[in-house]
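The chain contents come next:
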Amino acid sequence: MGLAGWHCDLSSWPYLLCAQDSTQAPPAGRTPQGSCLAMPGSTPEAPGSHRRGLTDRAGGGVKRLGPRWPLSPWPHQAQWGMGKQPGMSAPNAWLSPGSLSLQVWEGRWRVIPHDVLPDWLKDNDFLLHGHRPPMPSFRACFRSIFHLHTETGNIWTHLLGFLFFLVLGIGYMISPSINYVAPIQERIVFGTFFLGAILCLCFSWLFHTVYCHSERVSRTFSKLDYSGITLLIVGSFVPWLYYSFYCSPQPQLIYLIIVCVLGITAITVSQWDHFATPQYRAVRAGVFLGLGLSGLVPTLHFMLAEGLVQAVPAGQMGWLLLMALLYILGAALYAARVPERFFPGKCDIWFHSHQIFHVLVVAGASVHLHGVSQLQAFRSSLGGACTESTVL
Ligand SMILES: [Zn+2]
């Protein structure tokens, strides 16, 4: 399969802001100049004139002044970012809930190039354009869901996945008890899987939505996002171990304890501030891949105990293998940043590695659910009986 000639960008998407004078960071203490990040009709201001403009805005001159502040990325970082810089009171007042200025701000932001992003928003330098500027307003962040930018695909892939598993999970929980051999136990087992999937996908779309709010919010939600991945992996182990070692409670319990301990360790590691930085991309992929691959031990145990011929159909190994391949492919693309590595600037909005990774996570979780549902059907067909002839 060749990559030559493959195009994945929108050839004429209108959101790109280009500006010769806005692609270079301004000197320390200075604000960027130029018309690229300003709205049409506004005129360049002299260095350090934001304060003057702010005073005028506070007086209600929205149209006259234009949203120069919101469209420029640096003032957010330098003066709004954490709300701790000198002179913050005025911008905060300007962005007070319900103010006209805030509404203007929310509706008028434009995407910006990677070069002008503050460091805490720089994640993937193969995505050259189409980034949201820092937007210290949750309302603006959530409204950006309906705009085209580098995170649009990331948000929607997991928002839709979240709704999908939420509806399925409710369906499983309220299905008649006659479908289960041990209704309470099995609902808990499936409920653990659905809880892991729902939390993972929910934390993920929330993270990608508020990622541009501020450094502090981005850091907090990235930890939730990574914890969610661990919850999905651990939640996936639970029904699989329950049904695979249905008649062997001792190894079943040991494996469940081990995966919980590994999961707690992964969540603890992901609380480390540097874990979310671009330099640790491969480490992140490795931690979650390692957690998932720890399932090789119980898989080999199952195959040795049952024999390959019986284990493959009885253990739904085909579905398990497909799930593993989807997750591994997703993690590999994510770590290597393929395909955007080969087409810098061409996959800014659609088909970049993080989006593909998101789709593969939803696909992998769906395949896993199908596999464990088949295992459950197999146990139900035996009436939950454990005899000499039954598998583990
Ligand atoms: Zn993500």
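Residue positions are counted from 1 within each chain, in the order its sequence is given. Predicted model: local features are reported for residues with pLDDT of at least 70 only, side-chain atom pairs are reported and counted for 80 or more only, and whole-chain, interface and lining totals are derived from all residues. Heavy atoms from the whole structure form the basis of all side-chain values; hydrogens and water molecules are not counted.

*Asks:* Where do I start with the UniProt feature "transmembrane region" (unreviewed entry) in the protein chain in this structure?
*Replies:* When the UniProt feature table is mapped to this numbering, "transmembrane region" (unreviewed entry) covers residues 155-175, 187-207, 228-246, 252-270, 282-305 and 317-336. Going along the chain from the N terminus, every DSSP run of H or I of four or more residues is numbered as a helix, and every run of E of two or more is numbered as a strand. The span residues 155-175 carries 95% helix and 0% strand; its end-to-end C-alpha distance comes to 30 Å. Between the end C-alpha atoms of residues 228-246 there is a gap of 27 Å, over a span that is 89% helix and 0% strand. UniProt positions are given in the numbering used here, feature names are shortened, and annotations may be inferred rather than shown by experiment.

*Asks:* Explain a nonpolar patch on the surface to me, please; I cannot follow it from the model alone.
*Replies:* The residues that make up patches have over 30% relative accessible area and no salt bridge, and they are joined within 9 Å when like-charged or within 5 Å when they are Val, Leu, Ile, Met, Phe, Trp or Tyr. Note on areas: these come from Shrake-Rupley sampling with a 1.4 Å probe, and a residue is covered only by the protein chains present in the view. For salt bridges, the criterion is a side-chain nitrogen of Lys or Arg within 4 Å of an Asp or Glu carboxyl oxygen. A cluster of nonpolar residues, Leu160, Leu163, Leu166, Ile170, Met173 and Ile174, forms a patch on the protein surface that exposes about 540 Å² of accessible area. Within the secondary structure, leucine 163 is located in helix 8 (residues 152-174). Classification of leucine 163 as partly exposed rests on a relative accessible area of 40%. Here's how the labels work: a residue is buried when its accessible area is under 20% of the maximum for its type, exposed when over 50%, partly exposed in between, all with a 1.4 Å probe on protein chains only.

*Asks:* Help me understand the environment of serine 204 in this model?
*Replies:* In this structure, serine 204 sits in helix 9 (residues 183-210). Exposure remark for serine 204: the relative accessible area of 1% places this residue in the buried category. Put simply, serine 204 and glycine 228 are 24 residues apart on the chain and 7.4 Å apart in space, counted from C-alpha to C-alpha. Apart from residues no more than four positions distant in its own chain, serine 204 is found in contact with His158, Asp225 and His358. Any pair of residues with heavy atoms lying within 4.5 Å of one another is described as a contacting pair.

*Asks:* Mind showing me how you'd approach the side chain of threonine 209 here?
*Replies:* One can find threonine 209 in helix 9. Here tryptophan 205 takes part through its backbone oxygen, which lies 2.6 Å from a polar atom of the side chain of threonine 209. In contact with threonine 209, other than residues within four places in its own chain, are Arg132, Cys141, Phe142, Ile145 and Ile155. Each polar contact in these results corresponds to two N or O atoms within 3.5 Å; when the atoms are within protein, one needs to be able to donate a hydrogen and the other to accept it, and residues that are neighboring in sequence are counted only if both atoms are side-chain atoms.

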